[in-house]
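# Fold and contact review
Here are the chains, one letter per residue:
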Amino acid sequence: MDQLTCKNFDEFKAYQGKQLPLGKWLTVTQEMINAFADATKDYQWVHVDLDRIKKESPFKKPIAHGFLSVSLLSKMLMDLIDIESLAMGVNYGLNKVRFPNPVIVNSRLRLHSSIKDIEAYTEKGLKITWDCSVEIDGSEKPACVAEFVSLMFEE
């Protein structure tokens, strides 16, 4: 995986409308699923009840929360981009999100993304809209498709 490296926001803005490097693979483990369930208090049996899953789930294995997939977008994007002048980044929101395919435990995920739009946000900030698709290794359908919006601020 290549990482996009920019000295500052002016350099970064040149990537608007362009595809970013392909993300590196990340494995979704049962430990991650359990930790997400603990953090969100969402203990739906299809995620955490291994005995019931084996008996009743059509997948026969645990599946990750859809929101776990979308919550990984921040990490996956920041793994792809290094802006040397960046002081801080925060999540701003989501315009569109879909979960076309479940993520079965121990699936490998990677990000396909592009920068849809970059707008000025305050004196030293940018609002970035990212087109994101989270690929599941070996699957035709992605785990998550989202239009993700973040704010970034320069030093």
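Details of the structure are given in the entry above.
All of these numbers come straight from a predicted model, not from anything done at the bench.

## Description of the pattern of salt bridges
One pass over the structure, following the stated rule, counts six salt bridges. Between D79 and K75 there is a salt bridge; the shortest N-O distance is 2.5 Å. Of this pair, D79 and K75 both sit in helix α6 (residues 73-80), four residues apart, roughly one helical turn. Assessed through its relative accessible area of 23%, D79 is described here as partly exposed. For K75, a relative accessible area of 38% corresponds to the partly exposed category. As a salt-bridge pair, K116 and E147 come within 2.7 Å of each other at their nearest N and O atoms. Taken together, the positions of K116 in strand β5 (residues 108-121) and E147 in strand β7 (residues 144-154) put the pair 31 residues apart, joining distant regions of the chain. Residue class for K116 comes out partly exposed when judged on its relative accessible area of 42%.

## Some points on the environment of L126
Counting through the fold element by element, L126 comes out in strand β6 (residues 125-136). Along the primary structure L126 and E154 are separated by 28 residues, whereas in three dimensions their C-alpha atoms are 8.6 Å apart. With residues up to four places along the chain from it excluded, the contact list for L126 reads F9, F12, K13, I118, E119, A120, Y121, S150, L151 and M152.

## Points about the sheet that holds β6
The five strands are arranged β2-β5-β6-β7-β4 in an open sheet whose pairing can be described as antiparallel. Edge positions in the sheet fall to β2 (26-27) and β4 (86-98), since each has one partner strand and no second. In terms of strand pairing, β2 meets β5 through two bridges, oriented antiparallel. The residue of β5 that forms the bridge with L26 is L109.

## Here's the deal with the nonpolar core
Ranked by internal contacts, the top residues of the largest apolar core, which has 37 residues, are F12, V28, L109 and W130. If you tally residues by element for this core, the top one is β6, at six residues. The residues contacting L109, other than those within four sequence positions of it, are K24, W25, L26, V28, L72, M76, V103, V134, E135, I136 and A143.

## As for the packing of aromatic side chains
Two measures describe an aromatic ring pair: the distance that separates the ring centres and the angle between the ring planes. Following the criterion strictly, the structure yields four aromatic pairs and no others. An angle of 85 degrees between the planes, with centres 5.6 Å apart, marks the rings of F67 and F99 as edge-to-face. Remark: F99 occurs in the loop between β4 and β5 and F67 occurs in helix α5 (residues 66-71); sequence separation between them is 32 residues. In this structure F67 comes out as exposed when scored by relative accessible area, which is 56%. The interplanar angle of 70 degrees and the centroid separation of 6.2 Å between the aromatic rings of Y121 and F153 together place this pair among those described as edge-to-face. You can see Y121 sitting in strand β5 and its partner F153 sitting in strand β7, a full 32 residues away along the chain. Judged by its relative accessible area of 17%, F153 falls in the buried class.

## Some remarks on the environment of F36
Positionally, F36 belongs in helix α2 (residues 30-40). Residue classification places F36 among the buried residues on the basis of a relative accessible area of 15%. Remark: the alpha-carbon pair of F36 and S71, spanning 35 residues in sequence, is separated by 9.8 Å. Not counting residues within four places of it along the chain, the set of residues in contact with F36 comprises H65, F67, L68 and S71.

Definitions and limits used
- Residues numbered from 1 in each chain as written.
- Predicted model: local features only at pLDDT ≥ 70, side-chain atom pairs only at ≥ 80, totals over all residues.
- Heavy atoms only, no water.
- Salt bridge = Lys/Arg side-chain N within 4 Å of Asp/Glu carboxyl O.
- Helix = DSSP H or I, 4+ residues; strand = E, 2+ residues; numbered from the N terminus.
- Buried < 20%, exposed > 50% of the residue type's maximum accessible area, 1.4 Å probe, protein only.
- Contact = heavy atoms within 4.5 Å.
- Pairing = 2+ DSSP bridges.
- Core = buried A, V, L, I, M, F, W, Y, C linked by side-chain atoms within 4.5 Å.
- Phe/Tyr/Trp six-rings, centres within 6.5 Å; stacked < 30°, edge-to-face > 60°.

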